[in-house]
Amino acid sequence: MRSERWFMAAACAAGLFLSSQAVQAQGEVEVLHWWTSGGEAAAVGELKQSYEAEGGTWIDSPIAGGGGDAAMTALRARVVSGNPPAAVQLKGPGIQEWADQGALASVEDVAGENSWDEHLPEVLAGIMKFEGEYVAAPVNIHRVDWLWANPEVLARVDAEMPTTWEEFNAVADKLQAEGITPLAHGGQPWQDATLFEVLVLGIGGPDFYRSALVDLNEEALESQTMVDVFDQLRKLRGYVDPNFSGRDWNLATAMVMNGEAGFQIMGDWAKGEFLAAGKVPGKDFLCAAAPGNGFLLNSDSIAFFNVRDGDQQEGQKVLASLIMSPDFQESFNLAKGSIPARTDVALDAFDECAQRSRADLEAAIEADALLPSMAHEMAVPRTVRGEFMDVVTNFFNSDMSSQDAVETLSSAIERAQL
Amino acid sequence: MSSVEGSVKPRAAGWRLERWLPQLVVSPIFALSLFFVYGFIAWTVYISFTKSRMLPVYEFIGLAQYERLWATPRWHVALENLFVFGGLFIFGCLLIGLLLAIFLDQRIRAEGVLRTIYLYPMALSFIVTGTAWKWILNPGLGIEKLVRDMGFPNFTFDWLVNPEMAIYTVVIAGIWQSSGYVMALFLAGLRSVDDDILKAAAIDGAGPIRTYAGIILPMLGPVLLSAVIILTHLAVKSFDLIIALTGGGPGYATDVPATFMYAYAFQRSELGMAAASAVMMLATILAIMVPYLYSELREKDR
């Protein structure tokens, strides 16, 4: 009994001590995220260091697994039990879904003070806002519609980087005749969906993309253009090696690196793989926009949840202004392979692919061709994205006709919106 | 209060405690399973009638989630796979398990070693089995490459990446894992057959085939029933094997109801529809278990 009492007293003392510690610090923030692999972990380490340099307490809650599925499950449980983390890695329409539930906190005062509106592309800013107020801060901009190539392999068939899908098919046929796999690809639903959306942009153009994959317009989904997209996707299926099923994207990147394959269509996180292997852009590998006029945007962001504790609220504000500071945007994105979400950060320290990405981004903003990626949860809710992925991946792995695929797609999207 | 009573009538209190002790010990466990098993089953059924998406909501919308579920092609693929996988898996395990048991029953040398070898796959988790078979069946790494390197360049064995055939690779891995266990069940059954019966059969001039087909196998009925029940629930709840071996792919060609439910609940934010599919799975299991339990209970009553 005596030892029990002693224990209670000690626990109380420890609690008092801890809470007094927290008050002394410049805010506290718990960050739930799934940046756990190599370059990503390094990137989030940058954020932690900068935050602690400001004098705050950073509570790290990394939850790996299932591309964020495990983290989302944990998040749901925490919100339902009334104890949400202060900041969560969250993206796209997911931000709106949580905001709809009234779970997100506005950081509009920080955003207004630092005039975020002026420094962010309008499309991206729209995704970060709920009812006109910022509830999340973007850390980067990834481009999805990249075409990566091995110059040595291209030289073997005297080919250049293709700029249209006809040219791509011609080069791929030549590669295939030489016994080289034209397209390195991994048969996972999100990778299949990445090919699909790049083709929708490349064949249908930016307006068609917006109408079909963002606004989910039934006419666009059932149009002849969509049939053409599926026809080209069927062609790409023929350019993939027989062993592609279930392969991870970075193994496909390695095939391009080793000269086993000519091309890969993948977002600029693939660049991180090339750079990590010591390859030099322009010499050991080539980067170019996949054929098409537009820029498919994928962006990671941190959303801020409603917390009651004043200390945590303070921490959120510090974190928000830190995420959008030019210094952090530069160091984080150098580690992750993307480009800063702020368009006013100079890219002197970045490689030529990143500089090209920025130039295309500015051109796309100008031409109203900056589009949110469907495959990477920027354009539509997870429910709808899931239906897209089911149809596309089923098409890619069977001998379904393009006409059937279009009809299946249209009815699946209708069902998902019920 | 009980201490006062105890001091007055110690023997009665002791007797009372003895009478209530079993109930006292069992009741927390009973309450826990009532809440965590049956409570959550009821909750899942309720959720399947609501429009829950990302978070559970309690707005009742009738059978709409079930209508959506049955209109989804992927659910039909999952169900079909369950029947193909379940049927072949149960039949294959029973056949191979029985044959192995009969062969091992011939008083052969080193039986202990062989028995251990056949039973050992059961000691592995399905994740390990799935991963190992993924490598063995991968056309670029495993059997296909091996045979091609031996000088048969046209040999193809690409079931793992062929959407039509991929579900059969799951059957192969499942049978490899579980038939040793069925063998052990049958072997125990065979060993329990009375030697006098066998001697009588031998005196009557029955050959080995006649002895097995006409005498021993009919006596294994109860063993067969338990084997079928165990294999059936393994088949219906199979999840880890498929996740490790094919990941539900190529595409969603090897989806089963369990992987379907996981995908909809945790990847798609479709809690209501996932709950509906879970209820359908429960109904499938009940359809098998209820007649079995009913016949068991009725036999005991007699």
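Predicted model, so just to flag it, every value in this text is computed and none were measured.

1. Details of the overall build of chain A
A count of helical and extended segments in chain A gives 19 helices and 14 strands. In terms of overall size, chain A behaves like a compact globule, its C-alpha atoms giving a radius of gyration of 23 Å where 418 residues would be expected to give roughly 22 Å. With the C-alpha coordinates of chain A rotated into their principal frame, the extents come out at 80 × 50 × 50 Å. When each of the 418 residues of chain A is scored for burial, the buried share is 50%. If you take every contact in chain A between residues at least 6 apart in sequence, the share linking residues at least 24 apart comes to 78%.

2. Here's the deal with the sheet that holds strand β7 (residues 142-143) of chain A
Strands sit in the order β7-β12-β14 (chain A) across an open sheet of three strands; the sheet is mixed. Since the sheet does not close on itself, it has two edges, and those belong to β7 and β14 (370-372) of chain A, each with one partner.

3. Quick word on unusual backbone geometry
Positioned with a positive phi, A:Leu216 is a non-glycine residue whose angle comes to about 55 degrees. Within the secondary structure, A:Leu216 is located in the loop between α10 (189-214) and α11 (218-221). Even without a glycine there, the phi angle at B:Ala110 is positive, about 55 degrees. Positionally, B:Ala110 belongs in the loop between α4 (73-104) and α5 (111-119).

4. Re the packing of α10(A) against helix α12 (residues 224-238) of chain A
All names here are of chain A. Two elements in contact, α10 and α12, have axes separated by 8 Å at closest approach and are oriented at 165 degrees. Relative to α12, the element α10 lies roughly antiparallel. Both α10 and α12 take part in a crossing whose hand is right-handed. Contact residues: Leu195, Phe196, Leu199, Val200, Ile203, Gly204, Phe208 and Ala212 in α10; Thr225, Met226, Asp228, Val229, Gln232, Leu233 and Leu236 in α12. Across the contact of α10 with α12, the residue classes break down as eleven nonpolar, three polar and one charged.

5. Brief notes about the interface of chain A and chain B
Tallying the contact residues gives 22 residues for chain A and 24 residues for chain B. Examining the composition of the side of chain A that touches chain B, we find that seven residues originate from one element, helix α18 (residues 382-396) of chain A, more than from any other. Taken together, the residues of the side of chain A that touches chain B break down into four nonpolar, twelve polar and six charged.

6. So, the sheet that holds strand β1 (residues 28-33) of chain A
All names here are of chain A. Pairing in this open sheet of five strands is mixed, and the strands run β2-β1-β3-β13-β6 from one edge to the other. Looking at which strands have only one partner, the edges of the open sheet turn out to be β2 (57-62) and β6 (136-138). Within the sheet, the average angular offset between the axes of one strand and its neighbour, ignoring direction, is 20 degrees. Sheet topology note: the β1/strand β3 (residues 87-89) ladder contains two bridges and is parallel. Bridging across to β3, Val31 finds its partner in Ala87.

7. Quick word on the domain arrangement of chain B
Residues and elements named next belong to chain B. Split into domains, chain B comes out as domain 1 (2-47) and domain 2 (64-301). A separation of 39 Å is found between the C-alpha centroids of domain 1 and domain 2. Listed per partner, the contact involves four residues of domain 1 and six residues of domain 2. Residue composition of the side of domain 1 that touches domain 2, grouped by class: three nonpolar, one polar and no charged.

8. Focus on the domain arrangement of chain A
All names here are of chain A. Here chain A is described as being made up of domain 1 (26-141 + 299-354) and domain 2 (143-297 + 357-416). Once you take the C-alpha centre of each, domain 1 and domain 2 turn out to be 28 Å apart. Taken together, the contact between domain 1 and domain 2 spans 21 residues of the former and 20 residues of the latter. Broken down by secondary-structure element, the contributors of at least two residues to the side of domain 1 that touches domain 2 are α4 (93-100), α7 (122-128) and α17 (352-366). Of the residues that constitute the side of domain 1 that touches domain 2, the class distribution is ten nonpolar, six polar and five charged.

9. So, the environment of A:Glu414
All names here are of chain A. Residue placement: Glu414 occurs in helix α19 (residues 402-416). Overall, Glu414 belongs to the partly exposed group, with 14 C-beta atoms counted inside 10 Å. Considered as a pair, Glu414 and Ala252 are 162 residues apart in the sequence and their alpha carbons are 34 Å apart.

10. Brief notes about the confidence of the model for chain A
Looking at chain A, the pLDDT average stands at 86 and 92% of residues meet or exceed 70. Contacts of residues 6-25 of chain A to residues separated by more than four positions or lying in other chains number seven contacts, the stretch itself having pLDDT below 50.

11. Brief notes about helix α6 (residues 126-137) of chain B
All names here are of chain B. In this model, α6 (twelve residues) spans 16 Å end to end at C-alpha, consistent with the 16 Å of a helix rising 1.5 Å per residue. When α6 is considered as a whole, its buried residues turn out to be Phe126, Thr129, Gly130, Trp133 and Leu137. Buried residues of α6, seen end-on, are gathered within an arc of 95 degrees and therefore sit on one face of the element. For α6, the secondary structure elements touched by its buried residues are α7 (143-149), α8 (166-191) and α12 (240-245).

12. What about the environment of A:Pro182?
Residues and elements named next belong to chain A. Along the chain, Pro182 turns up in strand β9 (residues 181-184). A tally of 25 C-beta atoms within 10 Å means that Pro182 is categorised as buried. Pro182 sits 33 residues away from Ala149 along the chain, and the two C-alpha atoms are 9.7 Å apart. Setting aside chain neighbours within four positions, we find Pro182 in contact with Ala172, Leu175, Gln176, Tyr239, Gly262 and Phe263.

Parameters and conventions
- Residues numbered from 1 in each chain as written.
- Chains lettered and ligands numbered in written order.
- Predicted model: local features only at pLDDT ≥ 70, side-chain atom pairs only at ≥ 80, totals over all residues.
- Helix = DSSP H or I, 4+ residues; strand = E, 2+ residues; numbered from the N terminus.
- Rg over C-alpha atoms; globule rule 2.2 N^0.38 Å.
- Buried ≥ 20, exposed ≤ 12 C-beta atoms within 10 Å, placed from the backbone.
- Contact = placed C-beta atoms within 7 Å.
- Pairing = 2+ DSSP bridges.
- Axes fitted to C-alpha atoms, helices over the stretch in contact; angles between N-to-C directions.
- Parallel < 35°, antiparallel > 145°, perpendicular 65-115°, else oblique.
- Left-handed = near helix turned anticlockwise from the far one by under 90°.
- Nonpolar A, V, L, I, M, F, W, Y, C, P; charged D, E, K, R; others polar.
- Domains from an automatic or database assignment.
- pLDDT = per-residue confidence, 0-100.
- Expected span 1.5 Å × (residues − 1).
- Arc of directions from axis to C-beta.

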